[in-house]
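Observations on chain architecture
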Amino acid sequence: MIAYLNGAYLPPEKACISPLDRGFLFGDGVYEVIPSYDGKLFLLDAHLERLGRSLAAIRLPDPMPDGGWAEMLERLLQENPGADRSVYLQVTRGAAPRDHAFPGQASATVFAMVSPIAPQGSAVAGAGVGTITVPDLRWGRCDIKSVALLANVLARQQAAECAAVEAILLRDGLLTEGAASNVFVVTDGVVRTTPLGPAILPGITRAFLLEVLRAGGRDCREEPVPEADLRAADEIWLTSSTKEVLPVTRLDGQPVGDGRPGPVWREALDRYRQARYRSMHVSGKEATHD
Ligand code: PDD
């Protein structure tokens, strides 16, 4: 594997980051995870737009303006050929003597690496996945894709210890999102997901899925989902750049609906995959979705 660090393409074991890096000391940085299929980045513009918003929110000047990101990411994919890959990219405020306030002088650290996207597999899709609910203990700006993920890490670990693939987070009696995914529920054919705001990450997959489902005539609502509705839902799905649309069939050990992936999920995944294919084969350029 070849990674990227501050202008160099090199094996990750050769990439050195200072222990004074503020990403390491404070979690002072932001990140993106961008999927690619057959060597082409999917919804790159939307991911770069969100990266720009995360950087602006933490007041870190964009270290690679003017198309630099796309160029670097495309070169990184060429260095790591393969079918389905996700690119992880992280920007921190750089290395400086430890002080909470911003350093007077520091240049941002930019790191990126490529990993295979684990296929959903017909077995997983056929059976769906198990989840647990946990209290959402995160901070008040979950819309920033911050690398400070301790609450998410602890929630996901709790899920792993229950042999569940994701922790679904609840705050004040309402669904927020998953530890590393957005959550959709289906009740009587109506699709609902938590509205955008500081309580959730504005998922790129979430936005793309809402768009394709609405284009297909499905009633989709961005509105608060009470815990009771989550527990009584006919279907629950997780979305993320690496999970696409994953059906949840167990919640806290109880079956969701009839305990099998539902028909609206099937429709959603089909529409999502068709739209993904179309958007990546439109005159060689990605269609814009956000
Ligand atoms: N996580 N919510 C949270 C908290 C997330 O971490 C993610 C993605 C999402 C889905 O966003 P998107 O559709 O843009 O991937 C929602 C990435 C994949 C990760 O941390 O690995």
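Residue indices follow the written sequence of each chain, beginning from 1 at its first position. In keeping with the model being predicted, local features are shown solely for residues with a pLDDT of at least 70 and side-chain atom pairs are shown and tallied solely at 80 or more, while totals for entire chains, interfaces and linings include all residues. Where side-chain values are given, they derive from all heavy atoms of the structure, hydrogens and water being excluded.

1. Remarks on the site of the ligand
Definition in use: We call a residue near a given molecule or strand whenever any one of its heavy atoms falls within 4 Å of it. Under the rule applied, a polar contact is a pair of N or O atoms within 3.5 Å (in protein, one hydrogen donor and one hydrogen acceptor; residues adjacent in sequence only if both atoms are side-chain atoms). For the accessible areas, the method is Shrake-Rupley and the probe is 1.4 Å, while residue cover comes only from the protein chains on display. Helix and strand assignments follow DSSP, with helices taken as H or I runs no shorter than four residues and strands as E runs no shorter than two, numbered in order from the N terminus. When residues are grouped by polarity, Ala, Val, Leu, Ile, Met, Phe, Trp, Tyr, Cys and Pro land in nonpolar, Asp, Glu, Lys and Arg in charged, and all others, Gly among them, in polar. Note that domain bounds follow an automatic or database assignment of domains.
For the ligand, the set of nearby residues contains 19 residues, the closest of which are Tyr-31, Arg-50, Glu-177, Thr-205 and Ser-241. A distance of 3.4 Å separates a nitrogen atom of the ligand from a polar side-chain atom of Lys-145. For the ligand, an oxygen atom lies 2.6 Å from a polar atom in the side chain of Thr-205. Protein contact buries 89% of the 480 Å² of open area that the ligand shows by itself. At the level of elements, strand 3 (29-37), strand 9 (174-178), helix 6 (204-215) and strand 13 (235-240) are the ones that each hand at least two residues to the shell around the ligand. Residue composition of the shell around the ligand, grouped by class: six nonpolar, nine polar and four charged. Here the shell around the ligand spans two domains, since at least three of its residues come from each of domain 1 (3-116) and domain 2 (122-279).

2. Some points on the packing of aromatic side chains
Cut-off, in case you're wondering: Geometry of aromatic contacts follows a simple scheme: Phe, Tyr and Trp rings, the Trp one being its six-membered ring, pair when their centres are within 6.5 Å, and the pair is stacked under 30 degrees between planes, edge-to-face over 60, tilted otherwise. The buried label applies to any residue whose accessible area, calculated with a 1.4 Å probe on protein chains only, is under 20% of its type's maximum; exposed applies above 50%, and partly exposed to all values in between. The rule is short: NZ of Lys or CZ of Arg within 6 Å of the ring centre and within 35 degrees of the ring normal puts a charge over the ring.
What the rule picks out here adds up to seven aromatic pairs. A ring pair is formed by Tyr-37 and Phe-42, whose centres lie 6.0 Å apart and whose planes are at 70 degrees; its orientation type is edge-to-face. By relative accessible area, Tyr-37 is classed as buried at 6%. Geometrically, the ring pair formed by Phe-42 and Tyr-272 is edge-to-face, given 6.3 Å between the ring centres and 90 degrees between the ring planes. Separated by 230 residues along the polypeptide, Phe-42 in the loop between strand 4 (40-41) and helix 2 (44-57) and Tyr-272 in helix 8 (residues 263-280) bring together distant segments of the chain. The exposure class assigned to Tyr-272 is buried, which follows from its relative accessible area of 2%. Cation over ring: Arg-75 sits above Tyr-9, and NZ or CZ is 3.8 Å from the ring centre. Looking at Arg-93, its charged tip hangs above the ring of Phe-102, at a distance of 3.7 Å from the centre.

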